[in-house]
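An overview of the molecular structure
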Amino acid sequence: MKQVKWVIAILMIAVLPLGVALAQETSSSINGTIVDSDGNAISGATVIVTHEPTGQVKTLTTNDEGRYSARGLRTGGPYNIEVRNSGYSDAEEGNIFIKLGEDRAIDAVLVADAISLDTVTAVGVAAQSLTFNPDNMGAGTSVSQEQITNLPTVDRDIQDFVRLDSRVNLRSFGNGISVSGVNNRFNNISIDGVGIGDPFGLEAGGSPGLSQPFSLDTIEELNVQLSPYDVTLSNFTGANINAITKSGTNEFSGRAAMYYSSEDLQRDDSDFTREVYSISAGGPIIKDKLFFFLAYENEEQTRLANTSSVDVALAQQVAAIAANTYGVDVGNLNAPTDLVTEEESIVVKLDWNINEFHRASFKYQNNEDAQPTFANNGGGEISLSSHWYTNSFENKSYNLNLYSDWTANFSTELRVSNSEFDKVPQLNSILPHVEVEVGDGDSVFFGTEEFRHANELNVVTDNIYLEGNYFMGDHNLTFGVDWREQDIRNLFISQALGYYEFASIDDFANGIHSRYEYNRGTNEPRPEANWSWENLGLFIQDNWAVNDRLTVQYGLRWDKPNAGDKPRFNQDFFDFYGFANNNVVDEGTFQPRIGFNYDMSDERYMQLRGGVGVFTGGTPNVWLSNSFTNTGGDLTFYSSNGVDQDGVIFTLDPNNQPILDGSSRQNVDVLDPDFKIPTVLKSNLAVDAELPWFGLVGSVELEYIKAQDAIDYQHLNLGDPTGTLPDGRLAYWSDIENLSGRRGNANPDFNDVIYLTNTSKGETKRATVSLELPQTEHWYAKASYTFTDATETSAGTSSRAISNWNNTPAFNPNQALAATSAYEVENAFVFTTTYQNMFFGDNYTNIGLVWISQDGEPFSHTYSNDVNGDGIRDNDLVYVPLPGEYVLSDPSEAAEFETFLRTSGLAQYRGRVAPRNAFKAPRINTVDLNVSQELPAWGPVRATLFFNIKNLGNMIDSDWGQIITAGFDGNDVYRLNSIEDGIYELDWNGPTRFSTNRTASQWRAQVGFRLDW
């Protein structure tokens, strides 16, 4: 790793003086061609590009082909462009806006006495320019600051804006962003070019905390790229989601806002309040030179604690025994009446126009979240204060960007960043986890909650990004290096302080436990995964303006991961399985990419665009970390079902837990020696056209994505199959007919041995049709429909290797079969519209609406017991018997069962196994609304009132807007008791049991007040 750092340092020293340009979607560009009235290129013309808000000026000279390129520009605008050349009148065009990462084409025709600027692609001049631009090749979408302000978002989360693309699926409407039918963990989320997504892969929503670590009020623009063919972009096989922070300008400006919601503003009347206070300000420190931007946001969400039905007197009795008999204070029951979850963020950004040729930007960002948790408290459970804890998150980052123009053809950007993520629970006690049953199925809990006994995570990420642009003629050559290192410390040991269950209060008083569990390190008390890995990316690319209609971008990227440490070598594993358990990722990946845009415009705008390329990355570190955590032999697990059996003496001393005789079976997670970071081939082909009505823009886009190295989990310690069930699946039972008996010849020294390998199975076919009304004086609207057909081998729904294996419904447990993706939404429709008008003087009224209509998520039908004997009870896909091929344990259910087979769709698979994810949950329809009203200005201050409603349909009718899902690991439809003479004896569990996402299914509203100046 140190050698790589020195190599990069030497490259920087060697390259910077030559004028290497660096960019990773943190800036934008303007390019163009200057010609005379006969179409001849004008070389030596002077082009002056001015960012009006900050006074930043770039002065350029056209080359022999009449081309110019201004790079490293601030996103947004307005920009003013002047063109001067001896013998011609000056040309000038203003009010030009550019999008994040965009290379905007602005051409000019100079004549002796008149000037005509072709501003087809300038947002401020022609609204359809966002679509019609030579830089537009791959699939993706962009969300402007105005849309972020005017569209509905009760939760103030980027999920509310990435969903505007019908190709994006919000898993269960809130548990992660999925595109291309793949896991949300394969996305790359960044702000100002610095990754701010969950750096380890534990959080379902993909953010390093309770929500994204930045305030929406700080965002200038949000970009969602699905298949960008720019080789500078990396570390994703799903989506590249990038945002950019606002900057200060020559004018002082700011925003102060308050957002409020409560139980009176939602269907559920449980006491609840949510208050968000946000303030941001920017302006000049030195006019035209140095600018600042500051932002602070605090959110507090208050909910009532769960209500317990357990007799308080019984809990107090347990606490008294702990104090009087065992001499330990286990806390009290004086829980606050509410839970206050707090999120706090701060941003400090400085922008410096060093001179006409150099610009720098520095940003510091810090986010802290705290979520109090009353574990095992509610219903038939009650816990004492020693059992409570607070989930704490902290995420801070520093990043420096330096942009420089060295000559007319060379410019540079350097990005250096550091970020650190910490997740450490704040505990109320250091004690064993204790559960005391107090009758009627009720229990009292105290001591440290079992999964917090040893639970700490720290991830430090360093990144140096170096990109070069050499502008020559019709070509813009890009090359560079992208280096990233992550140092990871993950400590997770459940029951590390001891775990006890007692069948009664008397048993607790006498120390007679019914269950004891204890995990301890074999060689050290608290073994942890402490490792690091780095990735070195090298890339080269050419953007070629073939002619005035065709632009081609082609390049090659190579990413080489390297782990600085290896897991502990397990000799027992090597002796039995014949390969080492301490493999790490070190296979490099070549990623060729090519994209094109062909302008077919005549009377109206029209373009053909597309491309194909290889993309790699996005693997959660937790999957790679599993092989460091579970090497086999690092932990010894002790278990006892009673004091009389093993002589375990109950103690509340966490440092002196009983040690049992005997040995423990080893759990091992291991990487394939040739494992590669997941890699896919992406391609798209699209036509965009301006239609002859109202300036409408229509698009048709086809996409194809093919897995090259997808993930696949296997269990290596199942032993050999003992036979085959009548439906053809392998069985591991010693008594197959009665589904009983021990597994075959599995190694008794090992328990779960989970093998992470690759497969080339899995693909996505997608078609999208959209119709857009670009912004007019009053209206903007866009409707899009996407059809998706996606298959996968492993869904990767969990952070643990064993869960990723056993949560995938299967026919045979280690058979890599591509089936419908768990993240597929086959048919999705999104409609977005905004309306603005001045009904009251010069004060704007804004209305924004988002309607989403999509298929329900796919699910499987599984047996509710372990049919094949692999040790997992509910991951076996069901065989659908023919009439007369089965009997029910309750024959009276036969008619209803047959009806269920027909109505559920299972009947179409009679005589065979129903495929994985072949069924859908009910269709989903939601409508969100935002209404805002400006108030009369008070000097430079403009006030706005706004009202957001999420799931408007549910406000109208309680049955509307329901978000209904089935189990992600399958619906347990019936139990197979036995198979005798080819007849299946079944216990039917009744109709499919769907679950309703209560929070997402009810209407919720938010009111707010905003001051802008």
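Residues numbered from 1 in each chain as written. Predicted model: local features only at pLDDT ≥ 70, side-chain atom pairs only at ≥ 80, totals over all residues. Heavy atoms only, no water.

Here's the deal with the sheet that holds strand β22 (residues 381-383)
Using the following cut-off: Pairing between strands is defined by DSSP: at least two bridges between the two strands are required. A helix here means a DSSP run of H or I that spans at least four residues, while a strand means a run of E at least two residues long, and both kinds are numbered starting from the N terminus. Axis lines are fitted to C-alpha atoms, over the contacting stretch for helices. Their N-to-C directions set the angle, which ranges from 0 to 180 degrees.
Within the open sheet, the six strands sit side by side as β22-β27-β26-β30-β31-β36. Their pairing is mixed. Across the chains shown, the open sheet's two edge strands, defined by having one partner strand only, are β22 and β36 (635-640). Strand-to-strand twist in this sheet, taken as the mean axis angle between neighbours without regard to direction, amounts to 15 degrees. Sheet topology note: the β22/strand β27 (residues 442-446) ladder contains three bridges and is parallel. The partner of Glu-381 across the bridge, within β27, is Ser-443.

What about helix α10 (residues 894-904)?
Rules: Buried residues are those whose accessible area, probed at 1.4 Å on protein chains only, stays under 20% of the maximum for their type, while exposed residues exceed 50% and partly exposed ones sit between those limits. Directions drawn from the helix axis to the C-beta atoms are what define this arc. Any two residues whose heavy atoms approach within 4.5 Å at even a single point are treated as in contact.
Residues of α10 that are buried: Phe-897, Glu-898, Phe-900, Leu-901 and Ser-904. One side of α10 holds all its buried residues, which, seen down the axis, span an arc of 155 degrees. Turned more than 90 degrees from where α10 packs its buried face, Ala-895, Arg-902 and Thr-903 sit exposed. In this fold, the buried residues of α10 make contact with β49 (861-863), β50 (879-880), β51 (886-888), β53 (919-920), β57 (971-980) and β58 (983-988). Two residues or fewer after α10 comes Gly-905, characterised by a positive phi angle close to 95 degrees.

Some words on unusual backbone geometry
Omega for the peptide link from Gly-77 to Pro-78 comes to 5 degrees, which places this bond in the cis form. Tracing the backbone shows Pro-78 in strand β5 (residues 76-84). Notably, Asn-235 is not glycine yet its phi reads approximately 65 degrees, a positive angle. Positionally, Asn-235 belongs in the loop between β15 (219-225) and β16 (240-245). Phi at Asp-440 is positive, roughly 60 degrees, even though this residue is not glycine. With respect to the helices and strands, the residue Asp-440 is situated in the loop between β26 (433-439) and β27.

Some remarks on the sheet that holds β49
Strand pairing in a sheet relies on backbone hydrogen bonds. The paired strands run either parallel or antiparallel. Strand order in the open sheet formed by four strands is β49-β57-β58-β51, with mixed pairing between adjacent strands. Lying at the two open borders of the sheet, with one neighbouring strand each, are β49 and β51. The mean inter-strand angle of the sheet, taken between neighbouring strand axes irrespective of direction, is 35 degrees. Strand direction decides the pairing type here: β49 and β57, joined by three bridges, are parallel. Considered in β57, the bridge of Tyr-863 is made with Tyr-974. This element, α10, spans β49, β51, β57 and β58 of the sheet and lies at about 120 degrees to β51.

Thoughts on the packing of aromatic side chains
For the record, the criterion: Any Phe, Tyr or Trp ring, taking Trp's six-membered ring, that has another such ring centre within 6.5 Å forms a pair; planes under 30 degrees apart are called stacked, those over 60 apart edge-to-face, and the others tilted.
Under the counting rule described, the total for this entry stands at 43 aromatic pairs. The interplanar angle of 35 degrees and the centroid separation of 6.5 Å between the aromatic rings of Tyr-516 and Tyr-518 together place this pair among those described as tilted. Residue Tyr-516 shares its accessibility class with Tyr-518, and that shared class is buried. Ring plane angle 80 degrees and centroid distance 4.8 Å describe the contact between Phe-576 and Tyr-577, whose orientation is recorded as edge-to-face. Residue class for Phe-576 comes out partly exposed when judged on its relative accessible area of 47%.

Some words on helix α4 (residues 312-326)
Rules: To estimate the expected span of a helix, count its residues, drop one, and scale the result by 1.5 Å. Polar contact is the term for a pair of N or O atoms within 3.5 Å; when the atoms are in protein, one must be able to donate a hydrogen and the other to accept it, and sequence-neighboring residues count only if both atoms are side-chain atoms.
A rise of 1.5 Å per residue sets the reference length of α4, with its 15 residues, at 21 Å; its end C-alpha atoms lie 21 Å apart and thus fit the reference within 8%. All of the buried residues in α4 are Ala-315, Val-318, Ala-319, Ile-321 and Ala-322. Taken around the axis of α4, the buried residues stretch over an arc of 155 degrees, which confines them to a single face. In the core, the buried residues of α4 are packed alongside β22, β26, β27 and α5 (505-510). In this structure Asp-311 caps α4, since a side-chain oxygen of it lies 2.9 Å from the backbone nitrogen of Ala-313.

Overview of the pattern of salt bridges
Cut-off, in case you're wondering: When a carboxyl oxygen of Asp or Glu lies within 4 Å of a side-chain nitrogen of Lys or Arg, that pair is called a salt bridge.
Following the criterion strictly, the structure yields 39 salt bridges and no others. The partner of Lys-950 in a salt bridge is Asp-160, and the shortest N-O contact between them spans 3.4 Å. Taken as a pair, Lys-950 in strand β55 (residues 942-950) and Asp-160 in helix α3 (residues 159-162) lie far apart in primary sequence, 790 residues in all. For the pair Lys-950 and Asp-160, one class covers both residues: buried. Across the pair Arg-452 and Glu-449 runs a salt bridge whose closest N-O atoms are separated by 2.9 Å. When sorted by exposure, Arg-452 lands in the same class as Glu-449, which is buried.

Overview of a negative patch on the surface
To keep things clear, this is the line we draw: Residues form patches when they are more than 30% accessible in relative terms and have no salt bridge. Like charges link within 9 Å. Nonpolar side chains (Val, Leu, Ile, Met, Phe, Trp, Tyr) link within 5 Å. The Shrake-Rupley method, run with a 1.4 Å probe, gives the accessible areas here. Residue values count only the displayed protein chains as cover. Counting rule for charge: Lys and Arg are taken as positive, Asp and Glu as negative, and neither His nor the chain ends is counted. For this purpose, a charge sits on NZ of Lys, CZ of Arg, CG of Asp or CD of Glu.
Together, Glu-737, Glu-980, Asp-981 and Glu-985 give the surface a local cluster of negative charge. With respect to the secondary-structure elements, Glu-737 resides in the loop between β41 (730-731) and β42 (750-759). Take Glu-737: its relative accessible area is 44%, and that puts it in the partly exposed class.

Thoughts on the side chain of Glu-703
With respect to the helices and strands, Glu-703 occurs in strand β39 (residues 697-715). Within the structure, the side chain of Glu-703 is placed 3.3 Å from the side chain of Arg-167, a separation counted as a polar contact. Side-chain polar atoms of Glu-703 contact the side chain of Arg-766, separated by 2.6 Å. Residues contacting Glu-703, with those up to four places away along its chain left out, are Ala-139, Arg-167, Ser-683, Asn-684, Thr-764, Lys-765, Arg-766 and Thr-768.

Regarding a nonpolar patch on the surface
Judged by side-chain polarity, Ile-285, Ile-286, Leu-350, Phe-362, Tyr-398, Leu-400 and Val-416 come together as a nonpolar surface patch covering roughly 570 Å² of accessible area. Secondary structure elements with two or more residues in the nonpolar patch: β18 (272-286) and β23 (389-405). Given the relative accessible area of 33%, Phe-362 is considered partly exposed.

Some remarks on the pairing of strand β2 (residues 46-51)
Among the six residues of β2, five are classified as buried, and the element is accordingly described as predominantly covered. With six bridges joining them, β2 and strand β3 (residues 56-61) adopt antiparallel strand pairing. Of the residues in β3, the one forming a bridge with Thr-46 is Thr-61. Between β2 and β3, which pair antiparallel in sequence order, lie four residues; one of them, Gly-55, sits at a positive phi of approximately 75 degrees. Sheet topology note: the β2/β5 ladder contains six bridges and is antiparallel. Following the sheet pairing, Val-47 is matched in β5 by Val-83.

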